[in-house]
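# Observations on the model geometry
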Amino acid sequence: PVLDVDCILCFVLQKNKTYLLLNQNEELNSQCELNFANAIFLRRTGLPVAYITGHKEFFGYDFIVSPDVLIPKPDTEILVEKAIDYIKEKVFANPNKILTICDMCTGCGCVGLSVLKNLIEENLIPQNRIPKFVLVDISSKALEIAIKNYENLIPKEYSQRVQFVQSNLFSNVTGTFDVIVSNPPYIPSKDVLELMPEVKEHEPMMALDGSEDGLFFYRIL
């Protein structure tokens with residue numbers, strides 16, 4: 001609850017947590033107090049904080065989220081870390097090639113865009129060797145969110161490095177890829193009903209249900 005309140009207060013005040021710590025005696029004005037009360041009401045219904053604020057931090061970056069996309073989870077950052085290491089090795093092993101990366105079931109774009117942004121910002125590889133990324137999702141609304149995050153996070157000079165495709169897995173995707181990253185639905189259908197209420201009642205079921213044993217999408221990949 002304390003963390004939820006801090007996140008909501010930061011959202012209402014448009015300030016960071018450091019500001020909250022240094023200004024604990026500050027009184028909210030009437031509008032902020034109303035906005036805070038409304039947000040708390042929504043939280044009491046089980047609506048996740050990220051859907052209330054419209055934002056979720058992932059891999060140190062600020063991602064826009066909505067009920068049309070799964071909220072990025074901290075465990076998925078491991079996938080990003082492993083992908084960055086693998087891509088870096090592959091870039092230097094193929095000095096005459098621009099790699100192509102596919103982020104399948106991209107959702108809000110958190111995996112693919114975090115990998116790309118990190119490669120750009122950390123100068124892990126020569127800038128002229130930044131790979132090309134194709135971000136794929138079956139949901140047009142999810143892709144709209146991913147595009148917004150791309151516009152917010154990736155410098156315009158890399159616009160030719162990113163493509164978005166609406167597709168049921170690879171049905172509308174052409175070409176081949178040097179690397180495929182994916183965080184597809186992986187929860188067995190029978191277990192979906194046992195999820196926490198705020199997950200099963202508010203996050204998109206399409207992004208959770210991995211069919212009978214949870215491995216349907218992994219077999220295709």
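Refer to the preceding data block for the structure.
Here we summarise the structure given alongside this text. (Residues numbered from 1 in each chain as written. Predicted model: local features only at pLDDT ≥ 70, side-chain atom pairs only at ≥ 80, totals over all residues. Heavy atoms only, no water.)

## Structural notes on the overall build of the chain
Secondary structure assignment for the chain yields ten helices and six strands. C-alpha atoms of the chain, sized along the principal axes, occupy 60 × 45 × 25 Å. Burial analysis of the chain (221 residues in total) assigns 43% to the buried set. Within the chain, contacts between residues at least 6 apart in sequence are counted, and of these 67% link residues at least 24 apart. For the chain, the exposed surface amounts to about 12,600 Å²; the carbon and sulfur share of it is 53%. When the 20 positive and 29 negative side-chain charges of the chain are each reduced to one mean point, those points stand 6 Å apart. (Helix = DSSP H or I, 4+ residues; strand = E, 2+ residues; numbered from the N terminus. Buried < 20%, exposed > 50% of the residue type's maximum accessible area, 1.4 Å probe, protein only. Contact = heavy atoms within 4.5 Å. Areas by Shrake-Rupley, 256 points an atom, 1.4 Å probe, with all protein chains shown as cover. Lys, Arg positive; Asp, Glu negative; His and termini not counted. Charge placed at Lys NZ, Arg CZ, Asp CG, Glu CD.)

## Comments concerning the pattern of salt bridges
Per the counting criterion, the structure on display carries six salt bridges. Between Lys 190 and Asp 191 there is a salt bridge, with the nearest N and O atoms lying 3.4 Å from each other. Classification of Lys 190 by relative accessible area gives exposed; the value is 60%. Taking relative accessible area as the criterion, Asp 191 reaches 29% and is therefore assigned partly exposed. Linked by salt bridges that have partners in common, Asp 4, Arg 43 and Glu 198 make up one network. (Salt bridge = Lys/Arg side-chain N within 4 Å of Asp/Glu carboxyl O.)

## Structural notes on the nonpolar core
In this structure, Phe 63, Ile 87, Val 115, Leu 119 and Ile 154 are the most contacted members of the largest nonpolar core, which totals 49 residues. Looking at which element gives the most residues to this core, the answer is helix 6 (residues 110-121), with seven residues. The contact partners of Ile 154, leaving out residues within four places of it in the chain, are Leu 113, Leu 116, Lys 117, Ile 120 and Asn 149. (Core = buried A, V, L, I, M, F, W, Y, C linked by side-chain atoms within 4.5 Å.)

## Some thoughts on helix 3 (residues 30-44)
For helix 3, which comprises 15 residues, the first-to-last C-alpha distance of 21 Å matches the rise-based estimate of 21 Å (1.5 Å per residue) to within 8%. The secondary structure elements touched by the buried residues of helix 3 are helix 1 (2-13), helix 4 (49-53) and helix 9 (197-200). N-capping of helix 3 is provided by Asn 29, with a side-chain oxygen placed 3.1 Å from the backbone N of Gln 31. Just past helix 3, the residue Gly 46 takes up positive phi, approximately 100°. (Expected span 1.5 Å × (residues − 1). Polar contact = N/O pair within 3.5 Å; in protein donor to acceptor, adjacent residues only side chain to side chain.)

## Let's talk about the side chain of Ser 167
Tracing the backbone shows Ser 167 in the loop between strand 5 (162-166) and strand 6 (179-182). Judged by its relative accessible area of 2%, Ser 167 is buried. Excluding its chain neighbours within four sequence positions, the residues that come into contact with Ser 167 are Val 136, Asp 137, Ile 138, Asn 172 and Val 173.

## A few points about a nonpolar patch on the surface
Taken together, Ile 180, Tyr 186, Leu 215, Tyr 218 and Leu 221 make up a surface patch of nonpolar side chains, about 470 Å² in accessible area. In this fold, Ile 180 is placed in strand 6. On the basis of relative accessibility, which here comes to 39%, the residue Ile 180 falls in the partly exposed class. (Patch = residues over 30% accessible without salt bridge, like charges linked within 9 Å, V, L, I, M, F, W, Y side chains within 5 Å.)

## A few points about the environment of Val 80
The topology assignment puts Val 80 in helix 5 (residues 77-93). For Val 80 and Ser 171, which are 91 residues apart along the polypeptide, the C-alpha to C-alpha distance reads 25 Å. Leave out the neighbours within four places in its chain, and Val 80 touches Phe 58, Phe 59, Val 111, Ser 114 and Val 115.

## Structural notes on the layout of surface pockets
As a volume, the largest pocket reaches approximately 860 Å³. Lining of the largest pocket is provided by 26 residues; of these, Cys 7, Val 49, His 55, Lys 56 and Glu 57 occupy positions nearest its centre. At the level of elements, helix 1, helix 4, strand 1 (55-58) and helix 9 are the ones that each hand at least two residues to the lining of the largest pocket. Sort the elements by how many residues they give to the lining of the largest pocket and helix 1 lands first, with five residues. A breakdown of the residues in the lining of the largest pocket according to their chemical character gives twelve nonpolar, four polar and ten charged. (1 Å grid on protein atoms, 1.4 Å probe; cavity = no way out; pocket = protein on both sides within 12 Å on 5 of 7 lines; lining within 4 Å. Points joined across faces, edges and corners; volume = space filled by probe spheres on them. Nonpolar A, V, L, I, M, F, W, Y, C, P; charged D, E, K, R; others polar.)

Geometric descriptors of this kind do not, in isolation, establish any biological role.
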